[in-house]
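Below are the chains, spelled out letter by letter.
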Amino acid sequence: MNKNSINLDAADLQLLRQLQRDASLSNHALAQLLHLSAPTCLRRVKRLQELGLIEKQVAILNSEQLAKLTGHGLQVIVEVSLDRQDSTALLQFEHKAIAEPWVQQCWRVSPGPDFILIIAATDMPAYLALSQKLFTQDANVRNVKAFFSIKRAKFSTELPIPEKHH
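Figured I'd write up the structure that's included with this text. (Residues numbered from 1 in each chain as written. Predicted model: local features only at pLDDT ≥ 70, side-chain atom pairs only at ≥ 80, totals over all residues. Heavy atoms only, no water.)

**Notes on the packing of aromatic side chains**
Stage number 1. One pass over the structure, following the stated rule, counts two aromatic pairs.
Stage number 2. Taken together, a centroid distance of 4.9 Å and an interplanar angle of 45° make the contact between Phe-93 and Phe-115 tilted. Of this pair, Phe-93 sits in helix 5 (residues 87-98) while Phe-115 is found in strand 3 (residues 115-121), placing the two residues 22 residues apart along the sequence. The residues Phe-93 and Phe-115 share a single accessibility class, namely buried.
Stage number 3. Ring geometry for Tyr-127 versus Phe-148: centroids 5.4 Å apart, planes at 85°, classification edge-to-face. You can see Tyr-127 sitting in helix 6 (residues 124-136) and its partner Phe-148 sitting in strand 4 (residues 141-148), a full 21 residues away along the chain.
Stage number 4. Here Tyr-127 falls in the buried class, since its relative accessible area comes to 7%. (Phe/Tyr/Trp six-rings, centres within 6.5 Å; stacked < 30°, edge-to-face > 60°. Helix = DSSP H or I, 4+ residues; strand = E, 2+ residues; numbered from the N terminus. Buried < 20%, exposed > 50% of the residue type's maximum accessible area, 1.4 Å probe, protein only.)

**Section: unusual backbone geometry**
Stage number 1. Note the cis peptide between Ser-110 and Pro-111, where omega equals -10°.
Stage number 2. By secondary structure assignment, the location of Pro-111 is in the loop between strand 2 (103-108) and strand 3.
Stage number 3. Even without being a glycine, His-35 presents a positive backbone phi close to 60°.
Stage number 4. For His-35, a relative accessible area of 72% puts it in the exposed group.

**Some remarks on the sheet that holds strand 3**
Stage number 1. Sheet architecture is open: four strands sit in the order 2-3-1-4, paired in antiparallel fashion. Each edge of the open sheet carries a strand with a single partner, namely strand 2 and strand 4. The mean angle between the axes of side-by-side strands here comes to 20°, regardless of whether they run parallel or antiparallel.
Stage number 2. Bridge count between strand 2 and strand 3: five bridges; the pairing is antiparallel. When the sheet's bridge partners are listed, Arg-108 is paired in strand 3 with Phe-115.
Stage number 3. Those strands touched by helix 5 are strand 1 (74-82), strand 2, strand 3 and strand 4, and its axis lies near 165° from that of strand 2. (Pairing = 2+ DSSP bridges. Axes fitted to C-alpha atoms, helices over the stretch in contact; angles between N-to-C directions. Contact = heavy atoms within 4.5 Å.)

Geometry only, nothing functional implied.
What follows is the structure, given as structure tokens:
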């Protein structure tokens, strides 16, 4: 996406901000909120989707409430360092990690460890099984450092969008 070929006006930026906060609003409600006609609002949202600025719309579940129903719930932030860091080795580990449904996020980082994983597991035995599959059985994993969340102070998927577009 060429930054210079996309023109976003104030209404587009307002739409992006509002949809990040609550994508469940009807087109009519969204249009009223932003002082647009419903057809104009719908056309703008479709354009933002076609441009790839809106990747997908999902429901964000409350992990604490879900944990009460499905089990304790364990959030883990894991640093992973590999022995070999050639592009093939990095891609192999990355593909293995992202294939696991318990891995919510996989970040390739530098400097420091090669990867940061955000993992949601039902409990410690589930995390242990996943860690053996991802880390212990992989001869290329040199070091793993896991951090277990005791409190989530903030969680957001919202990206800051400036009031004015330059």
